[in-house]
Amino acid sequence: MSKLEKLTAVKGMNDVLPPESARWEWLESKVRALMERYAYRNIRTPIVEPTSLFVRGLGEVTDIVEKEMYSFEDRLNGEQLTLRPEATAGVVRAVAEHSMLYDGGKRLYYMGPMFRHERPQRGRYRQFHQIGAEALGFPGAELDAELILLANALWKELGLQNVRLELNSLGQPDERKAHRAALIGYLEHHTDALDEEARRRLHSNPLRILDTKNPAMQSIVEAAPRLIDFLGEASLSHFNAVKAILDANGVSWRVNPRLVRGMDYYNLTVFEFVTDQLGSQGTICGGGRYDYLVEQIGGKAAPAVGWALGVERVLELLKEQGGAIPPVCPDVYAVIPDMTTLPIAITTLERLRGHGVRVQMHGAPVSGEGMGSMKSQFKKADASGARYALVFGSDELARGVVLCKSLRDGSGMQTEHRLDSVSEWASALQFSR
Ligand code: ATP
Ligand code: MG
């Protein structure tokens, strides 16, 4: 029979395998604990949403909607659907759909996969993961600041270093309109210097031209009219209030007047946390205020602000900085010399687990040939990282005991534990945690 072709994952979509997956779980548990401290509650929205949600929410002339979305028609009913490229639109849809703001503002967070058809490279994948926090129903600068403080606390909690905060204000729609007119006027005088994409966007989304990565356009972009110079008093005072709170809490920042962000929905404060240690994919977290999105998606108008971080990039940066993450190991590895002791071993292990002990049972490597030699079982016990081996030998079992061998301290110390009093010795097996 000819060998079947090997199946592989879709390009740009990665498996997360152990032990790497332990780093993910570690990060997620840090995030959960921190979200609780800031009183953000978990929200879980579908991975598939109607395509129109993103077209309406993110804006038609954005990178994501123009070229990065995984959209398809549901074969059974013809609905136009999209794998979510980001989660804010879905969260806002859910908030509006369930009238979640009827009794006041809500603080929410999510974690999960997002999908964008981009060119895969370091820090850029087609399925990637975001953790995001959103505060909906609060208009004040103190919420913008709270979210930034929250992200900043997370970097600290994770031990991340060399992360810079960049801030900008996109003002309000009328201020953007005035700036936009000035910007188009300016760029029209320099069309020769614009690349094809910029020319295409000149009248549809000129603000995004300022975000170009094309080195040939840098000087044009640097001299362009700055949005920040078009802001009125209210917008400026909102921006200043955010900065003041950050200053008072020891968070340093830099205004980047060219920071515009990829989605159309932002207004007032926008921000990014960036690093120089990840090459050109240096933004680990981005966000801002989006006071018009709830209404745009069909809900009752409500202000909102939020951010999303890229899990892969954060973990990559941690790795780059040598951040150590405690390994996940069992406390105990059960060595089972022969099949006859297996039933008692299993029952005892179940009791130990009931007392919170982490237990890994040896598994027979080959069907019908017993449990394997003691030597090979102890090799596995060592590799598991367990502190102790519990040896279920038939002689000991006949005496009502099991042998406990220390694997880690070099002492080779052995003790016997009675099988009928598991609750008395279980806790002594738990590695301190
Ligand atoms: P970039 O400019 O790098 O494309 P973005 O502005 O498109 O980022 P956002 O939509 O703001 O990114 O998403 C928030 C975060 O999610 C980013 O700061 C980044 O850390 C991460 N991210 C975005 N796209 C990807 C991707 N394709 N692969 C991995 N992480 C990503
Ligand atoms: Mg992008």
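So, how was this worked out
Residues numbered from 1 in each chain as written. Chains lettered and ligands numbered in written order. Predicted model: local features only at pLDDT ≥ 70, side-chain atom pairs only at ≥ 80, totals over all residues. Heavy atoms only, no water. Domains from an automatic or database assignment. 1 Å grid on protein atoms, 1.4 Å probe; cavity = no way out; pocket = protein on both sides within 12 Å on 5 of 7 lines; lining within 4 Å. Points joined across faces, edges and corners; volume = space filled by probe spheres on them. Helix = DSSP H or I, 4+ residues; strand = E, 2+ residues; numbered from the N terminus. Polar contact = N/O pair within 3.5 Å; in protein donor to acceptor, adjacent residues only side chain to side chain. Contact = heavy atoms within 4.5 Å. Core = buried A, V, L, I, M, F, W, Y, C linked by side-chain atoms within 4.5 Å. Buried < 20%, exposed > 50% of the residue type's maximum accessible area, 1.4 Å probe, protein only. Axes fitted to C-alpha atoms, helices over the stretch in contact; angles between N-to-C directions. Parallel < 35°, antiparallel > 145°, perpendicular 65-115°, else oblique. Left-handed = near helix turned anticlockwise from the far one by under 90°.

Undergrad: How would you explain the domain arrangement of the protein if you had to name every residue and give the values?
TA: Assigned domains of the protein: these are domain 1 (20–171 + 231–320) and domain 2 (332–429). Using only C-alpha atoms to locate each centre, domain 1 and domain 2 end up separated by 48 Å.

Undergrad: Can you break down the layout of surface pockets residue by residue, with the values?
TA: Unoccupied space between atoms shows up once a probe the size of one water molecule is rolled over them. Size it by volume and the second largest pocket reaches roughly 590 Å³. Along its surface, the second largest pocket is lined by 26 residues, and Arg 176, Asn 205, Asp 264, Tyr 265 and Tyr 266 are the ones closest to its centre. Mapped onto the lining of the second largest pocket, the elements with two or more residues apiece are helix 2 (51–58), helix 6 (173–188), helix 8 (206–209) and helix 11 (293–296).

Undergrad: Talk me through the side chain of Glu 272; I want residue IDs and the actual numbers.
TA: Considering the arrangement of structural elements, one finds Glu 272 in strand 9 (residues 267–274). Only 2.9 Å separates the side chain of Glu 272 from the side chain of Arg 261, close enough to count as a polar contact. A polar side-chain atom of Glu 272 sits 3.4 Å from a polar atom in the side chain of Thr 283. Beyond its immediate stretch of four places on either side in the chain, Glu 272 contacts Arg 164, Leu 165, Glu 166, Leu 259, Arg 261, Thr 283, Cys 285 and Gly 286.

Undergrad: Residue-level account of the nonpolar core, with values.
TA: Membership of the largest hydrophobic core comes to 47 residues, with the highest contact counts inside it found for Leu 58, Leu 136, Leu 187 and Tyr 290. Looking at this core element by element, the count peaks at 5 residues for helix 4 (residues 88–97). Once residues within four sequence positions are removed from consideration, Leu 136 is found in contact with Val 91, Val 92, Val 95, Leu 101, Gly 105, Lys 106, Leu 108, Tyr 290, Val 294, Pro 303 and Ala 304. Grouped together as the second largest cluster of nonpolar side chains are 46 residues, Trp 24, Leu 149, Cys 285 and Ile 325 included.

Undergrad: Give me the lowdown on the side chain of Thr 51, citing residues and values where you can.
TA: Position of Thr 51 among the secondary structure elements: in helix 2. Apart from residues lying up to four places away in sequence, Thr 51 is in contact with Met 69, Ser 71, Gln 80, Leu 81 and Thr 82.

Undergrad: Go over the packing of helix 5 (residues 141–158) against helix 10 (residues 233–248) with me, naming the residues and quoting the values.
TA: Following both chains from N to C, one finds helix 5 and helix 10 inclined at 40 degrees, their axes separated by 8 Å at the closest point. Classed by the angle they form, the pair helix 5 and helix 10 counts as oblique. Handedness of the crossing formed by helix 5 with helix 10: right-handed. Residues Ala 141, Glu 142, Asp 144, Ala 145, Ile 148 and Leu 149 of helix 5 touch helix 10, and the partners they reach there are His 238, Ala 241, Val 242, Ile 245 and Leu 246.

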